[in-house]
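Each chain is listed here by its residues.
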Amino acid sequence: MLLYILTVAYLCFGKLDSLPDVKRSYFGIDTDKIVHFLMFLPFPILSYFCAGRKFSSPWQAVLFTIVIFFIGCMVAAGTEMGQSLTNYRVSDPLDFKADALALALSSTVMFIIILIQNIHSRA
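Everything quoted here is computed from the prediction, not taken from an experiment.

A. Expanded view of the environment of Arg24. You can see Arg24 is positioned in the loop between α1 (2-13) and β1 (25-26). Once you skip the residues sitting within four places of it in the chain, Arg24 turns out to touch Ile29, Asp30 and Thr31.

B. Representation of the side chain of Lys33 in the model. Position of Lys33 relative to the elements: it lies in helix α2 (residues 31-40). Under the relative-accessibility criterion, Lys33 is labelled buried at 14%. For Lys33, the side chain forms a polar contact with the side chain of Asp95, separated by 2.7 Å. When sequence neighbours within four positions are dropped, the list of residues in contact with Lys33 reads Asp92, Leu94, Asp95 and Ala98.

C. Quick look at the state of the cysteines. Taken as a whole and assessed by the stated rule, the structure comprises zero disulfides. Not part of a disulfide, Cys12 finds its nearest cysteine sulfur in Cys73, a span of 14 Å. For Cys73, a relative accessible area of 10% corresponds to the buried category.

D. Focus on the packing of helix α3 (residues 43-51) against helix α4 (residues 58-84). At a minimum axis distance of 10 Å, the contact between α3 and α4 shows a crossing angle of 125°. Taken together, α3 and α4 sit at an angle that is classed as oblique. For the pair α3 and α4, the crossing hand works out as right-handed. From α3, Phe43, Pro44, Ser47, Tyr48 and Ala51 reach across to α4, where they touch Phe64, Ile68, Ile71 and Gly72. Of the residues contributing to the contact of α3 with α4, the split by class is seven nonpolar, two polar and no charged.

E. Structural detail: α3. Residues of α3 that are buried include every one of Phe43, Pro44, Ser47 and Tyr48, and no others. Down the axis of α3, the buried set is contained in an arc of 130°. They therefore lie on one face. Exposed side chains of α3 directed beyond 90 degrees from the buried face belong to Phe49 and Cys50. In the stretch just after α3, Gly52 is the one whose phi turns positive, near 55°.

F. Representation of the nonpolar core in the model. If you look at the biggest cluster of nonpolar residues, it comprises 18 residues, and the most contacted ones within it are Val8, Phe40, Tyr48, Phe55, Phe64, Met110 and Ile114. For this core, the secondary-structure elements that each account for two or more residues are α1, α2, α3, α4 and α5 (93-122). Setting aside residues up to four positions removed in sequence, Phe64 forms contacts with Ser47, Tyr48, Ala51, Phe55, Met110 and Ile114.

G. Up close: the packing of aromatic side chains. Enumeration according to the criterion identifies six aromatic pairs in this entry. Ring geometry for Tyr48 and Phe55: centres 6.4 Å apart, planes at 20°, overall stacked. Note on accessibility: Tyr48 and Phe55 belong to one class, buried. Between Phe55 and Phe64 the ring centres are 5.1 Å apart and the planes differ by 50°, which places this aromatic pair in the tilted class. Residue Phe55 is classed as buried on the basis of its relative accessible area of 4%. Residue Phe64 is classed as buried on the basis of its relative accessible area of 14%. Taken together, Tyr48, Phe49, Phe55 and Phe64 form an aromatic cluster joined through their ring pairs. For Lys15, the ring lying beneath its charged end belongs to Tyr88, and the centroid distance is 5.0 Å.

Basis of the calculations
- Residues numbered from 1 in each chain as written.
- Predicted model: local features only at pLDDT ≥ 70, side-chain atom pairs only at ≥ 80, totals over all residues.
- Heavy atoms only, no water.
- Helix = DSSP H or I, 4+ residues; strand = E, 2+ residues; numbered from the N terminus.
- Contact = heavy atoms within 4.5 Å.
- Buried < 20%, exposed > 50% of the residue type's maximum accessible area, 1.4 Å probe, protein only.
- Polar contact = N/O pair within 3.5 Å; in protein donor to acceptor, adjacent residues only side chain to side chain.
- Disulfide = S-S within 2.5 Å.
- Axes fitted to C-alpha atoms, helices over the stretch in contact; angles between N-to-C directions.
- Parallel < 35°, antiparallel > 145°, perpendicular 65-115°, else oblique.
- Left-handed = near helix turned anticlockwise from the far one by under 90°.
- Nonpolar A, V, L, I, M, F, W, Y, C, P; charged D, E, K, R; others polar.
- Arc of directions from axis to C-beta.
- Core = buried A, V, L, I, M, F, W, Y, C linked by side-chain atoms within 4.5 Å.
- Phe/Tyr/Trp six-rings, centres within 6.5 Å; stacked < 30°, edge-to-face > 60°.
- Lys NZ or Arg CZ within 6 Å of the ring centre and 35° of its normal.

Written as structure tokens, this is what we have:
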């Protein structure tokens, strides 16, 4: 998890001018938005595996999922606010939207994993 957070911090705040140019968009989606989506996609699932917790009820799993989603959104918002404080990066609300979409999708997958594990542990 620490390596993941350090990687996200580097991608959000590093001076990446020396990287080669890439295609501006894929399938009409801005490459930067794809990168933001992919950066935040692992957050909920990594958080779940780091917690290593069993849930005694589906409501605990729901609460855990919601909390992890909001923590991820706070991290995403923090990176955007932090970028606005630099003179070499810009803050873009659409980046946050891509981050939040990835967090929502990954949180849903995480919740399904939790439910499946609970079903198997009761069997």
